[in-house]
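An overview of the molecular structure
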Amino acid sequence: MSADEAALKTCHERINLSVAASHQAENGSVTTVSSKESEEATYAFLPPIESTDAHLHEFAEAMRTVGKALRQVAEGKAAAQAEAAEWKRKYESEKAAKAHTHHSVIKGCSNCVKDKLEHLASKLTLETASVDETGCCGNHGICSRQILQDQCTGPNRKSDDRIVGRKVPFRLSWGSNGDKNGQHKHDFVSFEKGDITTAERSNKQIFLKWDSPPQTVLFVTKPNSNSVHALCSEMVRWLKEHNNINIFVEPRVSKELLIEDSYFNFIQTWDNDQEMKTLHTKVDLIVTLGGDGTVLWAASLFKGPVPPVVAFSLGSLGFMIPFPSEQYRECLGNVLKRPFTITLRSRLQCHVIRDAAKDEVETGEPILVLNEVTIDRGMSSYLTYLECYCDSSFVTCVQGDGLIISTTSGSTAYSLAAGGSMVHPQVPGILFTPICPHSLSFRPLILPEYVTLRVQVPFNSRGQAWASFDGKGRIQLGPGDALICSVSPWPLPTACLVDSTTDFLRSIHEGLHWNLRKSQALDGPA
Ligand SMILES: NC(=O)c1ccc[n+]([C@@H]2O[C@H](COP(=O)([O-])OP(=O)(O)OC[C@H]3O[C@@H](n4cnc5c(N)ncnc54)[C@H](O)[C@@H]3O)[C@@H](O)[C@H]2O)c1
Ligand SMILES: Nc1ncnc2c1ncn2[C@@H]1O[C@H](COP(=O)(O)OP(=O)(O)OP(=O)(O)O)[C@@H](O)[C@H]1O
């Protein structure tokens with residue numbers, strides 16, 4: 001008989017004794033003795049409760065094991081989904097690239113848009129596309145796949161190269177599972193005699209130089225603003241008359257300008273989504289007139305590649321807007337004729353998966369955001385309860401008002417208000433910022449840009465959750481639904497007034513009054 005069975009047997013015996021004693025008391029035959037015996041029997045009954053506790057402990061342990069197994073299954077599922085998302089992303093970007101090439105070939109070379117955009121694309125790839133994969137010399141510091149030779153040959157060979165016990169040669173390759181997505185081929189890690197170094201700093205300050213003068217400009221303007229409308233019509237005239245530029249505007253603006261003056265007959269627009277999808281093949285430059293919301297709006301018009309954006313400030317904060325509208329002639333003149341620096345602002349592509357437990361396949365087009373995707377509790381008065389995974393790893397459960405998954409550009413927007421760090425827009429990362437977490441230890445995180453995040457509303461969640469994209473387009477997420485997001489291959493290139501860092505620091509100083517404090521007086525304690 002096992003120890004547990006013995007404990008159970010004792011327990012039964014004591015229960016029987018206790019029951020018998022209480023029966024005697026009820027019959028009234030041996031009242032005083034029986035009540036004492038009953039009390040003793042009751043006390044005697046207590047130890048077996050410890051035995052029952054042991055069973056409870058055993059049961060709890062078993063439940064923990066089951067919980068662990070379930071979590072492992074969920075992690076496995078998240079890994080598979082992340083991998084599927086990555087493959088889909090690769091497939092879509094290749095498909096889009098092919099479609100873009102195909103479209104341009106059909107159009108022919110007469111307008112040279114294809115050549116210009118392809119050249120621009122190659123420029124935007126940090127001008128490092130020609131790196132040789134295997135034969136890297138190590139001099140330029142861009143080694144995507146460099147092999148350490150067993151023996152160093154060539155004129156620089158030193159006598160101590162032949163020391164016995166030389167380090168074993170190895171390779172560096174990108175991606176956590178080998179060359180997983182090829183995103184990081186152009187990062188700067190050099191590799192000399194087995195010592196990994198990043199001494200060569202990445203030069204991500206990117207310059208854009210036109211091969212030939214730009215021909216087409218798209219205007220995106222804040223609605224319902226007289227000053228914006230007036231400036232738009234003035235700039236359109238100036239661009240047409242002084243630079244012979246073709247102008248595209250949104251359908252709403254086209255109507256407004258035509259009502260104002262038939263002079264604007266030359267302006268082009270689009271009639272449907274299909275036409276809008278080909279805009280990036282026709283437009284060299286986007287000019288935005290408004291605040292940050294207008295830049296977000298302009299970005300949202302492009303589900304794939306985006307032409308460079310020159311943003312003119314006509315809002316109140318204008319964090320992402322370096323160009324003063326009063327000096328538009330000088331600013332636009334420079335951008336159209338000279339090389340200029342750009343900030344490549346990464347965007348997040350988001351997929352909502354309904355009842356993710358059943359349906360593992362992502363459907364529909366991704367939603368692209370420049371700032372962030374937010375998952376909050378909406379109207380619900382319950383805490384949001386969200387399970388979060390990063391690639392195949394469980395991150396945490398969010399219990400609070402919600403979660404912000406932000407780009408570095410969005411780090412100064414909602415994420416900042418929720419306690420996240422401000423991050424320079426060229427830093428490759430994704431911010432993971434909780435909103436009012438009901439926990440003392442939930443600090444915001446910054447994750448690397450190559451991960452895929454999955455946020456799922458578990459089936460035992462009390463309430464619904466709501467996802468919103470750059471503060472717009474709210475989508476309800478029920479128990480079992482999930483949101484998957486990763487960095488999109490299509491960033492938003494924004495023209496800088498000076499350069500990426502100077503513009504960023506100007507914005508946090510002037511826009512957010514960062515660390516503004518009166519200087520201490522000199523006449524303090526010695
Ligand atoms: N509590 C908050 O701070 C809060 C709440 C909701 C939304 N937002 C932000 O508003 C954005 C939508 O902007 P909108 O103009 O359409 O809405 P809006 O008109 O409500 O303006 C939001 C404010 O955020 C500023 N802003 C937007 N993007 C920014 C950025 N990247 N860096 C610094 N400031 C930025 C804008 O200049 C504006 O002052 C959302 O993406 C979200 O980040 C912030
Ligand atoms: N072309 C557009 N079409 C439709 N809506 C737009 C367009 N441009 C901007 N918006 C919307 O108009 C709102 C206000 O725009 P924006 O943020 O640019 O101006 P603002 O509020 O005056 O500036 P700031 O955000 O600097 O205070 C935003 O919600 C934005 O999404």
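In this report, the structure presented in the accompanying data block is examined. All of these numbers come straight from a predicted model, not from anything done at the bench.

Thoughts on the pairing of strand 9 (residues 340-345)
- Most of strand 9 is tucked away: six of the six residues are buried.
- The two faces of strand 9 match: Phe340, Ile342 and Leu344 on one face and Thr341, Thr343 and Arg345 on the other face are all buried.
- Bridge count for strand 9 against strand 21 (residues 492-495) is four bridges, and the pairing is antiparallel. From the neighbouring strand, Thr343 faces strand 21, where its bridge partner is Thr494.

Regarding the site of ligand 1
- Around ligand 1, 16 residues are found, and the nearest of them are Asp292, Asn371, Glu372, Thr412 and Ala413.
- Here an oxygen atom of ligand 1 sits 2.4 Å away from a polar atom, N or O, in the side chain of Glu372.
- Here a nitrogen atom of ligand 1 sits 2.7 Å away from a polar atom, N or O, in the side chain of Thr412.
- Within the residue set of the shell around ligand 1, elements represented by two or more residues are helix 7 (292-300) and helix 9 (414-417).

As for the site of ligand 2
- Neighbouring ligand 2 are 17 residues, the closest being Lys222, Glu250, Gly291, Thr294 and Ser316.
- Residue Thr294 places a side-chain N or O atom 2.6 Å away from an oxygen atom belonging to ligand 2.
- For ligand 2, a nitrogen atom lies 3.2 Å from a polar atom in the side chain of Trp297.
- Across the complex, the protein chains shield 71% of the 620 Å² of accessible surface that ligand 2 would expose by itself.
- In terms of residue count, the dominant contributor to the shell around ligand 2 is helix 7 (four residues).
- Here the residues of the shell around ligand 2 sort into four nonpolar, eight polar and five charged.

Some thoughts on empty space enclosed by the protein
- Inspection of every chain in the model, using the stated rule, returns seven cavities of 30 Å³ or more.
- Of the pockets and cavities examined, the largest cavity occupies roughly 130 Å³.
- In terms of lining residues, the largest cavity is bounded by 15 residues, among which Phe319, Met320, Arg345, Asp503 and Phe504 are the most central.
- Residue assignment for the lining of the largest cavity shows that the elements contributing at least two residues are strand 9, strand 21 and helix 10 (500-511).
- With five residues, helix 10 is the single largest residue contributor to the lining of the largest cavity.
- Per-class residue counts for the lining of the largest cavity are eight nonpolar, four polar and three charged.

With respect to the pattern of salt bridges
- Per the stated rule, a full pass over the model turns up ten salt bridges.
- The shortest N-O distance in the salt bridge between Glu250 and Arg252 comes to 3.5 Å.
- Given the relative accessible area of 8%, Glu250 is considered buried.
- The network of salt bridges with common partners includes Glu250, Arg252 and Glu256.

Comments concerning the packing of helix 4 (residues 226-243) against helix 5 (residues 251-260)
- Viewed as axis vectors pointing N to C, helix 4 and helix 5 meet at an angle of 80°, and their least axial separation amounts to 11 Å. As summarised for this structure, helix 4 and helix 5 are arranged roughly perpendicular, according to the angle between their axes. Where helix 4 approaches helix 5, its residues His229, Cys232, Ser233 and Arg237 are matched on the opposing element by Val253, Glu256, Leu257 and Glu260.
- Classifying every residue of the contact of helix 4 with helix 5 by side-chain character gives three nonpolar, two polar and three charged.

Here's the deal with the pairing of strand 13 (residues 384-390)
- Taking burial as the measure, the seven residues of strand 13 include six buried ones, the bulk of the element.
- The hairpin turn running from strand 13 into strand 14 (residues 393-406), its antiparallel successor, is two residues long, and Asp391 in that turn takes a positive phi close to 50°.
- Where strand 13 meets strand 17 (residues 453-456), four bridges bridge the pair, whose relative direction is antiparallel. Bridging from a neighbouring strand, Tyr389 pairs with Arg454 of strand 17.

A word on the nonpolar core
- Of all hydrophobic cores here, the largest spans 35 residues; its most connected members are Phe219, Met235, Leu239, Leu289 and Phe312.
- Among the elements that make up this core, the one with the highest residue count is helix 4 (seven residues).
- If near-sequence neighbours (up to four positions away) are discounted, Phe312 is found in contact with Met235, Val287, Thr288, Leu289, Gly290, Ile321, Phe323, Pro324, Ser325, Tyr328, Cys331 and Leu332.
- In this structure, Leu386, Phe432, Val455 and Val457 belong to the second largest nonpolar core, which totals 27 residues.

Structural notes on the side chain of Asp292
- Mapping Asp292 onto the fold places it in helix 7.
- In this structure, Asp292 is buried with no salt-bridge partner, the nearest side chain bearing the opposite charge being Arg345 at 7.5 Å.
- One polar contact links the side chain of Asp292 to the main-chain amide nitrogen of Met320, over a distance of 2.8 Å.
- With residues up to four places along the chain from it excluded, the contact list for Asp292 reads Leu317, Gly318, Phe319, Met320 and Ile321.

Some thoughts on the layout of surface pockets
- Its volume calculated, the second largest pocket comes out at about 800 Å³.
- At the level of elements, helix 2 (31-107) and helix 6 (273-277) are the ones that each hand at least two residues to the lining of the second largest pocket.
- Here the element with the most residues in the lining of the second largest pocket is helix 2; it accounts for nine residues.
- Considered class by class, the residues forming the lining of the second largest pocket number ten nonpolar, ten polar and eight charged.
- Lining the lining of the second largest pocket are residues from two domains, each supplying at least three of them: domain 3 (208-342) and domain 4 (348-490).

Quick notes on helix 7
- All of the buried residues along helix 7 are Asp292, Thr294, Val295, Leu296, Ala298 and Ala299.
- The elements touched by buried residues of helix 7 are strand 4 (216-221), strand 6 (285-290), strand 7 (309-313) and strand 21.

Observations regarding the environment of Met422
- Mapped onto the secondary structure, Met422 falls in the loop between helix 9 and strand 15 (429-437).
- Put simply, Met422 and Glu94 are 328 residues apart on the chain and 33 Å apart in space, counted from C-alpha to C-alpha.
- Apart from the residues lying within four places of it in its own chain, the contact partners of Met422 are Ser411, Thr412, Leu416, Ile508, Leu512 and Trp514.

A closer look at unusual backbone geometry
- Backbone geometry at Asn244 places phi at a positive 50°, although glycine is not the residue there.
- By the element assignment, Asn244 lies in the loop between helix 4 and strand 5 (246-249).
- The exposure class assigned to Asn244 is exposed, which follows from its relative accessible area of 56%.
- The phi dihedral of His513 is positive, around 55°, even though this residue is not glycine.
- Structurally, the position occupied by His513 is in the segment after helix 10.

Reading the values: the criteria
Residues numbered from 1 in each chain as written. Chains lettered and ligands numbered in written order. Predicted model: local features only at pLDDT ≥ 70, side-chain atom pairs only at ≥ 80, totals over all residues. Heavy atoms only, no water. Buried < 20%, exposed > 50% of the residue type's maximum accessible area, 1.4 Å probe, protein only. Helix = DSSP H or I, 4+ residues; strand = E, 2+ residues; numbered from the N terminus. Pairing = 2+ DSSP bridges. Near = heavy atom within 4 Å. Polar contact = N/O pair within 3.5 Å; in protein donor to acceptor, adjacent residues only side chain to side chain. Areas by Shrake-Rupley, 256 points an atom, 1.4 Å probe, with all protein chains shown as cover. Nonpolar A, V, L, I, M, F, W, Y, C, P; charged D, E, K, R; others polar. 1 Å grid on protein atoms, 1.4 Å probe; cavity = no way out; pocket = protein on both sides within 12 Å on 5 of 7 lines; lining within 4 Å. Points joined across faces, edges and corners; volume = space filled by probe spheres on them. Salt bridge = Lys/Arg side-chain N within 4 Å of Asp/Glu carboxyl O. Axes fitted to C-alpha atoms, helices over the stretch in contact; angles between N-to-C directions. Parallel < 35°, antiparallel > 145°, perpendicular 65-115°, else oblique. Contact = heavy atoms within 4.5 Å. Core = buried A, V, L, I, M, F, W, Y, C linked by side-chain atoms within 4.5 Å. Lys, Arg positive; Asp, Glu negative; His and termini not counted. Domains from an automatic or database assignment.

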